[in-house]
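Commentary on secondary and tertiary structure
Take a look at the letters that make up each chain.
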Amino acid sequence: MRTADETPDRDVDDGPTGLQSFAVLLRRMNGEFNRIAHEFAQAQGLHPTDVQALVAILDADRGGGDRAMTPGRLRAQLDLTSGAVTACLDRLERAGHIRRVRDSSDRRVVHVHYAAAAKHVARAFFKPLAAGTDAARRQFAEDELQVVIRFLEAMNEELAQLRRAEPRA
């Protein structure tokens, strides 16, 4: 008789749509994204954390309105100390990648925005990635892309829940 530890886990190894296959593909994609981000950081004289901050700031700018990035939100999103966020923002501002703007209704609140000139630098660097993403995207029908989007949204939500959960041992 098999113990629980010896029982095959059907969710882990059940072919190309199994958990193990997904894990491998997601790790490979994450590794490639990290490699590209590190290359950008190196080319710009930035720390990899600075690039994570830039992505968070860019995404917040795209969202617009009340979700504008603040140092406090950035600290929470990247799980950094206040001092580390300040140092990161200082480096990014000196390098011309961001600008800090005081809120017009509450001068104590600082919003962080991606600088327009820096967007051009990033766009030029990441143009091959955008072209590759578009080439991959064009291989799928609209209804297939909707399924991919649902998966990515669900995956991002699961990852966010893990981040918000109690620290794991």
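Residues numbered from 1 in each chain as written. Predicted model: local features only at pLDDT ≥ 70, side-chain atom pairs only at ≥ 80, totals over all residues. Heavy atoms only, no water.

**Points about the pattern of salt bridges**
For the structure on display, the rule yields eight salt bridges. Its salt-bridge partner being D50, residue R91 comes within 2.7 Å of it at the nearest N-O pair. Within this pair, whereas R91 is found in helix α4 (residues 82-94), its partner D50 is found in helix α2 (residues 48-63), the two being separated by 41 residues in sequence. A relative accessible area of 0% places D50 in the buried class. A salt bridge links R100 to D90; the nearest nitrogen and oxygen atoms lie 2.5 Å apart. You can see R100 sitting in strand β1 (residues 98-102) and its partner D90 sitting in helix α4, a full ten residues away along the chain. Classification of D90 by relative accessible area gives partly exposed; the value is 29%. Here the salt bridges share partners, and the residues they tie into one network are E32, R35 and E39. (Salt bridge = Lys/Arg side-chain N within 4 Å of Asp/Glu carboxyl O. Helix = DSSP H or I, 4+ residues; strand = E, 2+ residues; numbered from the N terminus. Buried < 20%, exposed > 50% of the residue type's maximum accessible area, 1.4 Å probe, protein only.)

**So, the environment of R99**
For R99, the location among the structural elements is in strand β1. Each C-alpha atom of the pair R99 and V112 lies 5.9 Å from the other, and the pair is 13 residues apart in sequence. Excluding residues within four positions of it along the chain, R99 makes contact with H111, V112 and H113. (Contact = heavy atoms within 4.5 Å.)

Bear in mind that shape data such as this cannot, by itself, settle questions of function.
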